[in-house]
Amino acid sequence: MGIFRLLTILLIAWLVYALYKRYIKKKSKNLQPRKNRKPEKIVKCEHCATHIPEHEAIVDKGRYYCSEEHKRISNQQ
Ligand SMILES: [Zn+2]
(Lines give C-alpha, C1' and ligand atoms only; values in the text may rest on other atoms or scores of the structure.)
Protein backbone atom coordinates (compact mmCIF):
# COMPACT_ATOMS: atom_id res chain seq x y z
CA MET A 1 0.00 0.00 0.00
CA GLY A 2 3.07 2.22 0.07
CA ILE A 3 2.56 3.57 -3.45
CA PHE A 4 -1.00 4.69 -2.72
CA ARG A 5 0.11 6.57 0.34
CA LEU A 6 2.84 8.25 -1.73
CA LEU A 7 0.34 9.15 -4.46
CA THR A 8 -2.05 10.60 -1.89
CA ILE A 9 0.72 12.73 -0.41
CA LEU A 10 1.72 13.90 -3.90
CA LEU A 11 -1.90 14.72 -4.73
CA ILE A 12 -2.31 16.75 -1.56
CA ALA A 13 1.00 18.51 -2.19
CA TRP A 14 -0.08 19.33 -5.73
CA LEU A 15 -3.45 20.61 -4.52
CA VAL A 16 -1.81 22.84 -1.95
CA TYR A 17 0.58 24.12 -4.59
CA ALA A 18 -2.25 24.76 -7.08
CA LEU A 19 -4.31 26.62 -4.47
CA TYR A 20 -1.29 28.60 -3.37
CA LYS A 21 -0.53 29.59 -6.97
CA ARG A 22 -4.14 30.64 -7.52
CA TYR A 23 -4.06 32.66 -4.31
CA ILE A 24 -0.89 34.49 -5.38
CA LYS A 25 -2.34 35.17 -8.82
CA LYS A 26 -5.54 36.56 -7.31
CA LYS A 27 -3.58 38.69 -4.88
CA SER A 28 -1.38 40.23 -7.57
CA LYS A 29 -4.42 40.77 -9.79
CA ASN A 30 -6.10 42.77 -7.05
CA LEU A 31 -3.02 44.91 -6.63
CA GLN A 32 -2.67 45.64 -10.33
CA PRO A 33 -5.21 48.45 -10.69
CA ARG A 34 -3.43 50.40 -8.00
CA LYS A 35 -0.03 49.72 -9.51
CA ASN A 36 -0.91 50.41 -13.13
CA ARG A 37 -3.06 53.44 -12.52
CA LYS A 38 -3.21 55.66 -15.54
CA PRO A 39 -1.20 58.86 -15.36
CA GLU A 40 -3.39 61.82 -14.54
CA LYS A 41 -4.87 63.85 -17.35
CA ILE A 42 -3.34 67.29 -17.75
CA VAL A 43 -5.63 70.12 -18.69
CA LYS A 44 -5.03 73.69 -19.80
CA CYS A 45 -6.40 76.78 -18.12
CA GLU A 46 -8.70 78.65 -20.51
CA HIS A 47 -7.42 81.97 -19.22
CA CYS A 48 -3.64 81.73 -18.78
CA ALA A 49 -2.91 78.41 -20.59
CA THR A 50 -1.23 76.94 -17.52
CA HIS A 51 -1.14 73.14 -17.55
CA ILE A 52 -2.57 71.58 -14.42
CA PRO A 53 -3.63 68.08 -13.32
CA GLU A 54 -7.34 67.54 -13.91
CA HIS A 55 -8.14 67.01 -10.21
CA GLU A 56 -6.69 70.43 -9.36
CA ALA A 57 -8.50 72.22 -12.16
CA ILE A 58 -11.75 74.10 -11.75
CA VAL A 59 -14.26 72.91 -14.32
CA ASP A 60 -16.91 75.26 -15.60
CA LYS A 61 -19.14 74.53 -18.60
CA GLY A 62 -16.63 72.03 -19.95
CA ARG A 63 -13.72 74.44 -19.62
CA TYR A 64 -10.82 74.14 -17.23
CA TYR A 65 -9.30 76.86 -15.11
CA CYS A 66 -6.25 76.87 -12.86
CA SER A 67 -8.00 78.94 -10.19
CA GLU A 68 -11.35 80.40 -9.18
CA GLU A 69 -9.92 83.79 -10.07
CA HIS A 70 -9.31 82.83 -13.71
CA LYS A 71 -12.73 81.22 -13.97
CA ARG A 72 -14.28 84.45 -12.74
CA ILE A 73 -12.23 86.65 -15.11
CA SER A 74 -13.01 84.43 -18.11
CA ASN A 75 -16.72 84.48 -17.32
CA GLN A 76 -16.74 88.27 -17.11
CA GLN A 77 -15.38 88.69 -20.62
ZN1 LIG B 1 -5.16 80.32 -15.22
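Residues numbered from 1 in each chain as written. Predicted model: local features only at pLDDT ≥ 70, side-chain atom pairs only at ≥ 80, totals over all residues. Heavy atoms only, no water.

Caption draft 1: Broad picture of unusual backbone geometry. Positive phi outside glycine occurs at A49, with the angle close to 65°. Here A49 lies in the loop between strand 1 (42-44) and strand 2 (51-53). Assessed through its relative accessible area of 38%, A49 is described here as partly exposed. Positive phi, normally seen in glycine, also occurs at K61, with a value near 50°. Checked against the element boundaries, K61 lands in the loop between strand 3 (58-60) and strand 4 (63-65). (Helix = DSSP H or I, 4+ residues; strand = E, 2+ residues; numbered from the N terminus. Buried < 20%, exposed > 50% of the residue type's maximum accessible area, 1.4 Å probe, protein only.)

Caption draft 2: Here's a closer look at a nonpolar patch on the surface. A surface patch of nonpolar side chains, amounting to about 530 Å² of accessible area, comprises I3, F4, L6, L7 and L10. With respect to the element layout, F4 can be found in helix 1 (residues 2-35). (Patch = residues over 30% accessible without salt bridge, like charges linked within 9 Å, V, L, I, M, F, W, Y side chains within 5 Å. Areas by Shrake-Rupley, 256 points an atom, 1.4 Å probe, with all protein chains shown as cover. Salt bridge = Lys/Arg side-chain N within 4 Å of Asp/Glu carboxyl O.)

Caption draft 3: Structural detail: the side chain of D60. Inspection of the secondary structure assignment puts D60 in strand 3. Sequence-distant contacts of D60, defined by excluding residues within four places in its chain, comprise Y65, K71 and N75. (Contact = heavy atoms within 4.5 Å.)

Caption draft 4: Expanded view of the coordination of the zinc ion. Protein-derived ligands of the zinc ion are C45 (SG), C48 (SG), C66 (SG) and H70 (ND1), with the metal-ligand distances lying across 1.9 to 2.3 Å. One way to put it: the four donor atoms around the zinc ion meet at angles of 95 to 123°, and that makes the site tetrahedral. Since its relative accessible area comes to 2%, C45 is described here as buried. (Donors = N, O, S within 2.8 Å, 3.2 Å for Na, K, Ca; no water. Tetrahedral: all angles 85-135°; square planar, octahedral: opposite > 155°, others 65-115°.)

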